[in-house]
Amino acid sequence: MCIFTAPKVGPGVTVLVISWIITFYTLWQMVEMHEIVPGKRFDRYHELGQHAFGKKLGLWIIVPQQLIVEVGVDIVYMVTGGQSLQQLYKLVCRKDCKDIKLTYFIMIFASVHFVISHLPDFNSIAGVSLAAAVMSLSYSTIAWGATVNKGEQANVEYEYKSKSTAGTVFNFFTALGDVAFAYAGHNVVLEIQATIPSTPEKPSKKPMWKGVIVAYIIVALCYFPVALIGYWKFGNGVDGNILMSLEKPTWLIAMAHIFVVIHVIGSYQIYAMPVFDMIETVLVRKFRFKPSWILRFVMRNIYVAFTMFVAITFPFFNGLLGFFGGFAFAPTTYFLPCIMWLLICKPKKFSLSWIINWICIILGVLLMVIAPIGGLRSIIIQAKNYKFYS
């Protein structure tokens, strides 16, 4: 997602830049370790984890974290898709329109996935993924462009939103989780790289790394203008999803919401595919289910229904970002790649590589500890006046 706004400019921009650099580095590590053993490819995150930590321990360390990330992302995307559809409805239908619950819009968004979730693998969703990437850059450009065009706002405040020290600290913790949530590609990078042909003369890491560079340039073009311009125009009153703070020009903001919906449709599938693969593999190998279209149909529909149900029950956008961002994204994105790099590549103690990796590990562990606290507090506060299925 490219529509999150940063917290207060100084700390916010600092966190965005540091996170961008760290995750760019750890993503490079993942790409390099894909074929670090000659003649072998680690096509799944847990396979690389098993190589680094051992066959059983690797599964227990990686799989739960990866599942939490992927399921958590899909839940947030359900909420995002529903909110954008609802906002689109409000923008297009301004007069004599019946107020429709967010619940129904999330269900409409989920109905798409009850169909396209039955595509077999990553190759089959390549077109959807490409559309998602294009839409991401498109709606983020509209977001900051429309924000600039909005003009001067009255009573804009740039102070911390909370008036208490405790509230400020917890809000900062939540914001850290929000930023961590933005960098989630590590959880599927090996699965994506596995689709690229590889030979000793032309290893897959070369084209994959070129793709990563392009992707991270796009990430920077998304996050930084939106964060800086959004805060400049709206101050601490800006919504976590900046498009929710914009209404004019109506046709352009409506188009941006359409782009968001297309983006999260594709992104949902990118993170759902590894989950489908894991669940189907366990059912076939451990429980002796027969691999068939019936198994795929039932299991994938249950998964989509589950993420839809949780999204409808807890549609707390900002709180979910902070909680999942710290609890699950920090390990798989910020420090597990560094730990695996130390175990597999064994850089010399106190060398530059060794020091950089340990800095990333320490920062990642701190993020994992403090961000979920802020996210959970945000969910509790939002839930005070919330009526279920409203």
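Scoring rules and cut-offs
Residues numbered from 1 in each chain as written. Predicted model: local features only at pLDDT ≥ 70, side-chain atom pairs only at ≥ 80, totals over all residues. Heavy atoms only, no water. UniProt positions renumbered as here; feature names shortened; annotations may be inferred. Helix = DSSP H or I, 4+ residues; strand = E, 2+ residues; numbered from the N terminus. Buried < 20%, exposed > 50% of the residue type's maximum accessible area, 1.4 Å probe, protein only. Contact = heavy atoms within 4.5 Å. Phe/Tyr/Trp six-rings, centres within 6.5 Å; stacked < 30°, edge-to-face > 60°. Axes fitted to C-alpha atoms, helices over the stretch in contact; angles between N-to-C directions. Parallel < 35°, antiparallel > 145°, perpendicular 65-115°, else oblique. Left-handed = near helix turned anticlockwise from the far one by under 90°. Nonpolar A, V, L, I, M, F, W, Y, C, P; charged D, E, K, R; others polar. Patch = residues over 30% accessible without salt bridge, like charges linked within 9 Å, V, L, I, M, F, W, Y side chains within 5 Å. Areas by Shrake-Rupley, 256 points an atom, 1.4 Å probe, with all protein chains shown as cover. Salt bridge = Lys/Arg side-chain N within 4 Å of Asp/Glu carboxyl O. Core = buried A, V, L, I, M, F, W, Y, C linked by side-chain atoms within 4.5 Å. pLDDT = per-residue confidence, 0-100.

In the nomenclature of an unreviewed UniProt entry, the protein chain corresponds to Lysine histidine transporter 1 from the organism Datura stramonium. Entered under Subcellular location (unreviewed entry) in the UniProt record, the comment concerning the protein chain runs "Membrane".

Enquirer: Please clarify how the overall build of the protein chain should be interpreted in this entry.
Expert: Looking only at helices and strands, the protein chain has twelve helices and zero strands in total. Walking the protein chain from its N terminus toward its C terminus, one meets helices and strands in the order α-α-α-α-α-α-α-α-α-α-α-α. Here the protein chain, with 390 residues, has 51% of them falling under the buried criterion. In the protein chain, the proportion of contacts linking residues at least 24 apart, taken out of those at least 6 apart, comes to 83%.

Enquirer: Explanation requested: the UniProt feature "transmembrane region" (unreviewed entry) in the protein chain in the structure shown.
Expert: Under the UniProt annotation, "transmembrane region" (unreviewed entry) lies at residues 12–31, 102–119, 125–146, 212–232, 252–276, 297–317, 323–344 and 356–380. With 100% helix and 0% strand, the stretch residues 12–31 has end C-alpha atoms that lie 28 Å from each other. Across residues 212–232 one finds 100% helix and 0% strand; the C-alpha atoms that close the span lie 30 Å apart.

Enquirer: Can you walk me through the packing of aromatic side chains in this structure?
Expert: Any pair of aromatic rings gets described here by the distance separating the centres and the angle formed by the planes. All chains considered together, the criterion is met by 13 aromatic pairs. With a centroid separation of 6.0 Å and an interplanar angle of 25 degrees, the aromatic rings of Y25 and W28 are classed as stacked. Here W28 and Y25 lie together in helix 1 (residues 9–33), a separation of three residues that amounts to about one turn. Classification of Y25 as buried rests on a relative accessible area of 19%. Between W293 and F297, the aromatic rings sit 6.4 Å apart at their centres with planes inclined by 65 degrees, giving edge-to-face as the arrangement. Linking W293 with F297, this pair stays in helix 10 (residues 293–313), spanning four residues, or about one helical turn. Three or more aromatic residues joined by ring pairs make a cluster, and in this case those are W20, F24, W209 and Y216.

Enquirer: How should I be thinking about the packing of helix 9 (residues 250–285) against helix 10 in this particular structure?
Expert: When two helices pack together, their arrangement is captured by the angle between the axes and the distance separating the axes. Helix 10 packs onto helix 9 with a crossing angle of 130 degrees between their chain directions and a minimal axis gap of 10 Å. As the angle between them shows, helix 9 and helix 10 are arranged oblique. Here helix 9 and helix 10 pass one another in a crossing that is right-handed. Contacts between helix 9 and helix 10 involve Y268, A272, M273, V275, F276, I279, E280, L283 and V284 from the former and L295, R296, M299, R300, Y303, V304 and T307 from the latter. The class makeup of the residues in the contact of helix 9 with helix 10 is twelve nonpolar, one polar and three charged.

Enquirer: I keep staring at a nonpolar patch on the surface and nothing clicks. Help me out?
Expert: Together, I18, I355, W358, I359, I362, L363 and L366 make up a nonpolar patch on the protein surface, roughly 620 Å² of accessible area in all. Among the elements that line the nonpolar patch, the one with the most residues is helix 12 (residues 352–383), at six residues. Its place among the elements puts L366 in helix 12.

Enquirer: Teacher, can you tell me more about the packing of helix 3 (residues 55–92) against helix 10 here?
Expert: Following both chains from N to C, one finds helix 3 and helix 10 inclined at 60 degrees, their axes separated by 8 Å at the closest point. If you check the angle between helix 3 and helix 10, you find them oblique. The handedness of the crossing between helix 3 and helix 10 is right-handed. In this structure, helix 3 contributes E70, V71, D74, I75, M78 and V79 to the contact, and helix 10 contributes Y303, V304, F306, T307, M308, V310 and A311.

Enquirer: Help me understand the nonpolar core, please; the structure alone is not making it clear to me.
Expert: Nonpolar side chains tend toward joint burial in soluble globular proteins. M30, L48, Y183 and M340 are the most contacted members of the largest nonpolar core, which has 44 residues in total. Secondary structure elements with two or more residues in this core: helix 1, helix 2 (45–53), helix 6 (165–182), helix 7 (189–193), helix 8 (205–234), helix 11 (317–345) and helix 12. The residues touching Y183, leaving out its near neighbours within four places in the chain, are L16, S19, W20, T23, Y216, V219, Y223, F329, T333 and Y334. Grouped together as the second largest cluster of nonpolar side chains are 36 residues, I265, Y268, Y271 and F276 included.

Enquirer: Would you mind going over the confidence of the model for the protein chain with me for this structure?
Expert: This prediction gives the protein chain a mean pLDDT of 80; 79% of its residues lie at or above 70. In the predicted structure, residues 1–8 sits below a pLDDT of 50 and forms 47 contacts with residues beyond four places in sequence or in another chain.

Enquirer: Whenever I open this one, helix 2 confuses me. Can you help?
Expert: Residue pairs spaced three or four apart in an α-helix point in one direction, given the helix's 3.6 residues per turn. Most of helix 2 is tucked away: seven of the nine residues are buried. Buried within helix 2 are the following residues: Y45, H46, L48, G49, Q50, A52 and F53. Looking one or two residues beyond helix 2, the residue adopting positive phi is G54, at roughly 110 degrees.

Enquirer: Would you mind going over unusual backbone geometry with me for this structure?
Expert: The backbone phi angle of R288 is positive, close to 60 degrees, even though this residue is not glycine. Within the secondary structure layout, R288 lies in the loop between helix 9 and helix 10. For R288, a relative accessible area of 69% gives the class exposed. Residue K346 is not a glycine yet carries a positive backbone phi of 50 degrees. Taking relative accessible area as the criterion, K346 reaches 61% and is therefore assigned exposed.

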